[in-house]
Amino acid sequence: MGDALTIGVRFALYVDLMLLFGLPLFALYTPLQRRLFAISPKVLGALALLGLALSVLSIAAMTASMAWVGLAELMLADVEAMIVDTSIGHAWLARVIALMMLAALLSVRPRTGLGVLLAGVALGSLAWTGHGAAGEGASANLLLIGDIVHLFAAAAWLGALVVLSHMVFGSTDVLVAQQALDRFAKAGTVIVATIVATGLSSSAFLIGWSGVAELPETRYGQLLLLKLVLFVVMLALAAMNRFRLTPALLDGEPVTRSKLRRSLALETAAAIAILALVAWLGTLEPPVAAS
Ligand code: HEM
């Protein structure tokens, strides 16, 4: 039960905080659409409050699983010690403060830039709950920074997919949708390159060449390999959107729009499935730690 709860809360936090960061970020790098697709402060406010509630549950679940007790037997003193005496607790505190400031900002005077910054602090703090903060010595900072940038790039991709799907599933004018898809295609190349570079750097630290051959034999390895298969599926769908469906969108054929809808829905589902896999594999021992 404990592990299932910890994994479930990790997954929910990934989705929530990635949308909280990725949705307004899309508006930042697509100035044309900014006024058309400003993300409602109510939606972002709800995501920030949900992030706070999930963070309270996550620190309780993590403390309980580390103290080998159920949530019902958890002592407040254990949670306090977890928050005050551990780096996970400090990262948690930074996340809670950032989310509280963001919720306040959104309720009085929403500002995209500052909002993205505060959401970035909350999302980046998740690196301390996985293996991003597991490194030792000089390489520890490289692993941590790579992991945080990996989280940001994954959130940028997921945020863009949700906004673009909203456009293509909704009644957005074909020309505006096509321009947004086209603009994302360029940002998408940078996002994918960043994900691959930071993903490989984390793999080098957490798996190493010696651990590659073992991957199919461990649960951690099997989940990571499945994740890479889903990543290749996302890449194939993104390429089809960019080089075939988006250019064809202007032909105004309903079939093109429904193909694009299906492709964006599949790409988004694959991204969500990756977050579920990472929520689980982040609780398991990577090979390097085992050797
Ligand atoms: C070449 C492709 C990729 C590689 C090699 C890769 C590799 C990795 C590795 C080794 C980790 C650390 C896992 C751990 O905590 O032990 C990781 C974490 C993660 N990856 Fe990827 N990844 C890739 C693509 C993606 C994609 C496409 C997404 C999402 C759409 C994604 C989302 C994440 C997330 C959310 C984490 C957790 C970070 C944390 O909590 O610290 N990755 N990735």
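Residues numbered from 1 in each chain as written. Predicted model: local features only at pLDDT ≥ 70, side-chain atom pairs only at ≥ 80, totals over all residues. Heavy atoms only, no water.

**Student:** It is not clear to me how the coordination of the iron atom of the ligand should be interpreted in this structure. Could you clarify?
**Tutor:** As a benchmark, a tetrahedral metal site with four donors has ideal angles of 109.5 degrees, while an octahedral site with six donors has ideal angles of 90 or 180 degrees. The iron atom of the ligand binds to the protein through His-150 (NE2) and Lys-227 (NZ), with metal-donor distances spanning 1.8 to 2.1 Å. Because the angles between the six donor atoms bound to the iron atom of the ligand fall within 80 to 178°, the donor set is best described as octahedral. Note that His-150 is positioned in helix H7 (residues 139–169) and Lys-227 in helix H10 (residues 219–248), a separation of 77 residues in sequence. Of the two residues, His-150 and Lys-227, both sit in the buried class. (Donors = N, O, S within 2.8 Å, 3.2 Å for Na, K, Ca; no water. Tetrahedral: all angles 85-135°; square planar, octahedral: opposite > 155°, others 65-115°. Helix = DSSP H or I, 4+ residues; strand = E, 2+ residues; numbered from the N terminus. Buried < 20%, exposed > 50% of the residue type's maximum accessible area, 1.4 Å probe, protein only.)

**Student:** Help me out: how do you make sense of the site of the ligand in this one?
**Tutor:** The local shell around the ligand holds 22 residues, among which Tyr-14, His-131, Asp-147, His-150 and Lys-227 are the closest. Contacts to the ligand include His-131, whose side-chain N or O atom sits 2.4 Å from an oxygen atom. Taking His-150, its side chain carries an N or O atom lying 2.8 Å from a nitrogen atom of the ligand. The site holding the ligand turns out to be the largest pocket. Contributing elements (two or more residues each) for the shell around the ligand: helix H1 (2–29), H7, helix H8 (174–206), H10 and helix H11 (254–281). Considering every element that reaches the shell around the ligand, the biggest residue donor is H8, with five residues. For the shell around the ligand, a count of residues per class yields 15 nonpolar, five polar and two charged. Residue assignment places the shell around the ligand across two domains, with domain 1 (1–129) and domain 2 (137–291) each supplying three or more. (Near = heavy atom within 4 Å. Polar contact = N/O pair within 3.5 Å; in protein donor to acceptor, adjacent residues only side chain to side chain. 1 Å grid on protein atoms, 1.4 Å probe; cavity = no way out; pocket = protein on both sides within 12 Å on 5 of 7 lines; lining within 4 Å. Sits in = over half its atoms within 2 Å of the grid points. Nonpolar A, V, L, I, M, F, W, Y, C, P; charged D, E, K, R; others polar. Domains from an automatic or database assignment.)

**Student:** Explanation requested: the layout of surface pockets in the structure shown.
**Tutor:** Take a probe with the size of a water molecule and roll it over the atoms, and the empty space left behind shows itself. Of the voids in this model, the largest pocket is the one considered here, and its volume is about 910 Å³. Forming the boundary of the largest pocket are 40 residues, of which His-150, Gly-199, Ser-203, Leu-224 and Lys-227 lie nearest the centre. Only H1, H7, H8, helix H9 (208–212), H10 and H11 provide two or more residues apiece to the lining of the largest pocket. The element best represented in the lining of the largest pocket is H8, accounting for nine residues. For the lining of the largest pocket, a count of residues per class yields 27 nonpolar, ten polar and three charged. A domain-level breakdown of the lining of the largest pocket finds at least three residues from each of domain 1 (1–129) and domain 2 (137–291). The volume enclosed by the second largest pocket comes to roughly 770 Å³. Along its surface, the second largest pocket is lined by 33 residues, and Thr-129, Gly-130, His-131, Gly-282 and Thr-283 are the ones closest to its centre. With six residues, the single largest contributor to the lining of the second largest pocket is H1. Looking at the lining of the second largest pocket, its residues break down into 18 nonpolar, eleven polar and four charged. (Points joined across faces, edges and corners; volume = space filled by probe spheres on them.)

**Student:** Can you help me understand a nonpolar patch on the surface in this one?
**Tutor:** Together, Leu-93, Ile-97 and Met-101 make up a nonpolar patch on the protein surface, roughly 270 Å² of accessible area in all. Within the secondary structure, Met-101 sits in helix H5 (residues 87–108). (Patch = residues over 30% accessible without salt bridge, like charges linked within 9 Å, V, L, I, M, F, W, Y side chains within 5 Å. Areas by Shrake-Rupley, 256 points an atom, 1.4 Å probe, with all protein chains shown as cover. Salt bridge = Lys/Arg side-chain N within 4 Å of Asp/Glu carboxyl O.)

**Student:** What is the right way to look at unusual backbone geometry in this model?
**Tutor:** Where the residue is not glycine, phi is negative for most of them; where a peptide bond is considered, it is trans in most cases. One non-glycine residue, Trp-68, lies in the positive phi region at around 55°. Position of Trp-68 relative to the elements: it lies in the loop between helix H3 (41–66) and helix H4 (76–85).

**Student:** What's the story with the nonpolar core in this structure? I'm lost.
**Tutor:** Soluble, globular proteins show a tendency: their nonpolar side chains are buried together. Among the nonpolar cores identified, the biggest contains 86 residues, and Leu-17, Leu-20, Leu-102, Leu-123, Trp-157, Leu-164 and Phe-184 are the most heavily contacted of them. The dominant element in this core, judged by the number of residues it contributes, is H7, at 15 residues. Both domain 1 (1–129) and domain 2 (137–291) contribute no fewer than three residues apiece to this core. Those residues in contact with Leu-17 that sit more than four places away from it in its chain are Gly-51, Arg-95, Leu-99, Ala-122, Leu-123 and Leu-126. (Core = buried A, V, L, I, M, F, W, Y, C linked by side-chain atoms within 4.5 Å. Contact = heavy atoms within 4.5 Å.)

**Student:** Mind showing me how you'd approach the environment of Gly-188 here?
**Tutor:** Among the structural elements, Gly-188 can be located in helix H8. As for Gly-188 and Ala-153, which are separated by 35 residues in sequence, their C-alpha atoms are 9.5 Å apart.

**Student:** Looking at this model, I keep getting lost on the packing of H5 against helix H6 (residues 112–124). Mind explaining?
**Tutor:** A packed helix pair is summarised by two numbers, namely the angle formed by the two axes and the spacing between the axes. Relative to each other, H5 and H6 sit at 155°, their axes nearing to 8 Å. Overall, the two elements H5 and H6 adopt an arrangement that is roughly antiparallel. The crossing of H5 and H6 is left-handed. Within the contact between the two elements, H5 uses Ala-94, Arg-95, Ala-98, Leu-99, Met-101, Leu-102 and Leu-105 and H6 uses Leu-114, Gly-115, Leu-118, Ala-119, Val-121 and Ala-122. (Axes fitted to C-alpha atoms, helices over the stretch in contact; angles between N-to-C directions. Parallel < 35°, antiparallel > 145°, perpendicular 65-115°, else oblique. Left-handed = near helix turned anticlockwise from the far one by under 90°.)

**Student:** Please clarify how the domain arrangement of the protein should be interpreted in this entry.
**Tutor:** When the parts of a complex come together, some accessible area is lost, and that lost area is often taken as the interface size. When cut into domains, the protein gives domain 1 (1–129) and domain 2 (137–291). Here the C-alpha centre of domain 2 lies 21 Å away from the C-alpha centre of domain 1. Facing 27 residues of domain 1, the contacting portion of domain 2 comprises 31 residues. Of the roughly 2,400 Å² buried at the junction of domain 1 and domain 2 (both faces included), carbon and sulfur atoms supply 84%. Counting every contact that joins domain 1 to domain 2 gives zero salt bridges. Where domain 1 packs against domain 2, one counts two residue pairs in polar contact (both at pLDDT 80 or more). (Buried area = accessible area lost by both parts, 1.4 Å probe.)

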